[in-house]
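Residue-level structure breakdown
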Amino acid sequence: MPKHAWRYDHLTWPEMRAAIARDPQPVVCVPIGAVEDHGAHMSLSTDNDILEYTLAACGERADGDLLVLPVIPFGLDEHHMDFPGTIAVDIETTLAYLAQVATSVARHGFRHILIVNGHGSNQSICDLAARKVGIATGMICAATTVNAAVDPALVADVLNAERKGGPGSVGHACEYETAMMLHLDPEKVDMALAERDIGQLKLKYFNWDYPEPSAYAWQDWWSRFSRVGVCGDAAAATPEFGRRMFELTVERFVELAREFRTIPLRPRVDHHAPVAPESP
Ligand SMILES: [Zn+2]
């Protein structure tokens, strides 16, 4: 792989020292994905692939404002273990490992760190890891995603307006993820095997039916509700939709990172200090 100026680990340590001293400082991205089933039509690497391609394009586009770590390739995945090949790491290990990676970055003096999630079940772990880094170091650490099947907030307007599969089409190995891979790495997609499988329950207070919110969070084993590890409408995916979502994500993520960098490191105030008595 050629040396990239945006890849955190491609820098030498004197180059890293200069990056830390730069004003404004780059935002550091800590990506975490998964190796898990993505239907019969896509590779186990799909979540990691979407992270890698998207953050590489963001790094190029950001012109020195982003430094991207290599993707941590495994996460919380016990609920996919009925599908051959999935790698499962438990909650405590994933949280500790992710937080220690991001804390290392903060300890070198980087003030703005983004944990970038690529796999749905890592989401609450990423939130907690960001909290741990903030508490341990005082730096600004947040959790986000560039995968709209994990959380569509960055691109929800366009995703909802332009997807073709209708309600429930975006979940996992779905219209969105399949379209992204058709655009980014079409050799890893076999559309002849792409299925529409919207097997998740839709109840009054629980649903996966983006964009409607669910009133509670719950995760079942995937083999209990999904035939081939698809939740959504993979068959509705097109490379054009993938390209549209990819370019929009890159543009908005760079903007997000530059906004994130403006969050100031404000001083804490210890209100335990005794108040000086008023002079008579
Ligand atoms: Zn995925």
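Described in the following lines is the structure provided in the data block. Keep in mind the model is a prediction, meaning the values are calculated, not measured. (Residues numbered from 1 in each chain as written. Predicted model: local features only at pLDDT ≥ 70, side-chain atom pairs only at ≥ 80, totals over all residues. Heavy atoms only, no water.)

**Things to note about the pattern of salt bridges**
Test applied: Just to be clear on terms, a salt bridge is a Lys or Arg side-chain nitrogen sitting within 4 Å of an Asp or Glu carboxyl oxygen. Burial classes: relative accessible area under 20% of the type maximum marks a residue as buried, over 50% as exposed, and values in between as partly exposed (1.4 Å probe, protein chains only).
Under the criterion given, the structure shown has 13 salt bridges. Notably, a salt bridge pairs Lys 188 with Asp 185, separated by 2.8 Å at the nearest N-O pair. Among the residues examined, Lys 188 registers a relative accessible area of 28% and is labelled partly exposed. For Asp 185, a relative accessible area of 14% corresponds to the buried category. One salt-bridge network, held together by shared partners, links Asp 49, Asp 185 and Lys 188.

**Let's talk about empty space enclosed by the protein**
Going by this rule: Using only the protein atoms, space was sampled on a 1 Å grid; points where a 1.4 Å probe fits but cannot get out form cavities, open sets with protein on both sides within 12 Å along at least five of seven lines form pockets, and lining residues are those with an atom within 4 Å of a point. Grid points are joined across faces, edges and corners, and a volume is the space filled by probe spheres set on the points. Nonpolar residues are Ala, Val, Leu, Ile, Met, Phe, Trp, Tyr, Cys and Pro. Charged residues are Asp, Glu, Lys and Arg, and all others, Gly as well, are polar.
All told, the structure shown has one cavity of 30 Å³ or more when counted by the stated rule. The space that makes up the largest cavity amounts to roughly 40 Å³. Grouping the amino acids of the lining of the largest cavity by side-chain chemistry returns five nonpolar, three polar and one charged.

**Here we look at the sheet that holds strand β2 (residues 66-68)**
Keep this limit in mind: DSSP bridges decide pairing: two strands pair if at least two such bridges lie between them. To qualify as a helix, a DSSP run of H or I must reach at least 4 residues; to qualify as a strand, a run of E must reach at least 2; elements of each kind are numbered from the N terminus. Interaxial angles span 0 to 180 degrees and are taken between N-to-C directions of axes, which are lines fitted to C-alpha atoms, for helices over the stretch in contact. Whether two residues are in contact is decided by their heavy atoms, any of which lying within 4.5 Å being enough.
Spatially, the four strands line up as an open sheet ordered β2-β1-β3-β4, and their pairing is parallel. Looking at which strands have only one partner, the edges of the open sheet turn out to be β2 and β4 (140-145). Geometrically, the sheet is characterised by an average inter-axis angle of 25 degrees between neighbouring strands, direction not taken into account. Note: strand β1 (residues 27-32) against strand β3 (residues 112-117), five bridges, orientation parallel. Counted as the bridge partner of Cys 29 is Leu 114 from β3. Contacts from helix α4 (residues 123-137) reach β1, β3 and β4 within the one sheet, and its direction differs from that of β4 by about 170 degrees. Seen against the sheet, helix α7 (residues 239-260) touches β1, β2, β3 and β4 and runs at an angle of roughly 145 degrees to β3.

**Focus on the coordination of the zinc ion**
Basically, it comes down to this: Donor atoms (N, O, S) are those found within 2.8 Å of the metal centre, with the cutoff raised to 3.2 Å for Na, K and Ca; water is not part of the atom list, so apparent gaps in a site can occur. For four-coordinate sites, all angles between 85 and 135 degrees define a tetrahedron; for four- and six-coordinate sites, opposite donors beyond 155 degrees with the remaining angles between 65 and 115 define square planar and octahedral shapes respectively, and all other cases count as irregular.
Within the protein, His 38 (NE2), Asp 47 (OD), Glu 177 (OE) and Glu 177 (OE) serve as the donor atoms for the zinc ion, at 1.9 to 2.5 Å. One can describe the donor arrangement at the zinc ion as irregular, given that its four donor atoms subtend angles of 53 to 136 degrees at the metal. Donor residues for the zinc ion sit on one chain with the sequence pattern H-x8-D-x129-E. You can see Asp 47 sitting in helix α2 (residues 46-62) and its partner Glu 177 sitting in helix α6 (residues 175-184), a full 130 residues away along the chain.

**Remarks on the nonpolar core**
The cut-off we apply is this: Within this scheme, the nonpolar core is defined by two criteria: the residues are buried Ala, Val, Leu, Ile, Met, Phe, Trp, Tyr or Cys, and they are joined through side-chain atoms within 4.5 Å.
Ranked by internal contacts, the top residues of the largest apolar core, which has 44 residues, are Leu 66, Val 116, Tyr 176, Met 245 and Phe 253. Of all the secondary-structure elements, those providing two or more residues to this core are β1, α2, β2, β3, α5 (156-162), α6 and α7. Excluding residues within four positions of it along the chain, Leu 66 makes contact with Trp 6, Pro 26, Val 27, Cys 29, Cys 58, Gly 59, Phe 253 and Ala 257. Among the nonpolar cores identified, the runner-up in size contains 28 residues, and Ala 102, Ala 106, Phe 110 and Met 139 belong to it.

**A look at the state of the cysteines**
The test is simple: Criterion for a disulfide: a pair of cysteine sulfur atoms at a distance within 2.5 Å.
Across all of its chains, the model carries zero disulfides by this definition. For the unlinked cysteine Cys 141, the closest cysteine sulfur is that of Cys 126, found at 9.5 Å. We classify Cys 141 as buried; its relative accessible area is 14%.

**What about a nonpolar patch on the surface?**
Convention followed: Like-charged residues within 9 Å of one another, or nonpolar side chains (Val, Leu, Ile, Met, Phe, Trp, Tyr) within 5 Å, are grouped into patches, provided each residue has over 30% relative accessible area and no salt bridge. Working definition of accessibility: Shrake-Rupley area with a 1.4 Å probe, residue cover restricted to the visible protein chains.
Taken together, Leu 201, Leu 203, Tyr 205, Tyr 216 and Trp 218 make up a surface patch of nonpolar side chains, about 530 Å² in accessible area. As for its position among the elements, Leu 203 is in the loop between β5 (196-197) and β6 (232-233). Overall, the relative accessible area of 42% leaves Leu 203 in the partly exposed class.

**Let's talk about the packing of aromatic side chains**
Heads up, the condition is: Here a pair means two rings of Phe, Tyr or Trp (six-membered ring of Trp) with centres within 6.5 Å. Their orientation is stacked below 30 degrees between planes, edge-to-face above 60, and tilted elsewhere.
Tallying each qualifying case throughout the model produces four aromatic pairs. The interplanar angle of 50 degrees and the centroid separation of 6.2 Å between the aromatic rings of Tyr 8 and Phe 110 together place this pair among those described as tilted. Of the two residues, Tyr 8 is situated in the segment before α1 (13-21) and Phe 110 in the loop between α3 (91-107) and β3; the sequence distance between them amounts to 102 residues. Comparing Tyr 8 with Phe 110, the two get one shared label, buried. Clustering of aromatic rings is evident, with ring pairs tying together Phe 206, Tyr 216 and Trp 218.

**Things to note about the pairing of β1**
Rule in force here: If the strands point away from the viewer and the path from the first strand over the helix to the second runs clockwise, then the crossover is right-handed.
Counting buried positions over the six residues of β1 gives six, a clear majority of the element. Burial along β1 is two-sided: the residues Val 27, Cys 29 and Pro 31 and Val 28, Val 30 and Ile 32 are all buried. Where β1 and β2 come together, three bridges link them in parallel fashion. Across the sheet, the residue bridging to Cys 29 is Val 68, located in β2. With respect to chirality, the unit in which β1 leads through α2 into the neighbouring parallel β2 is right-handed.

**Some remarks on the side chain of His 4**
The residue His 4 is located in the segment before α1 in this model. Once you skip the residues sitting within four places of it in the chain, His 4 turns out to touch His 10 and Glu 60.

Interpretation in functional terms is not warranted from these geometric data alone.
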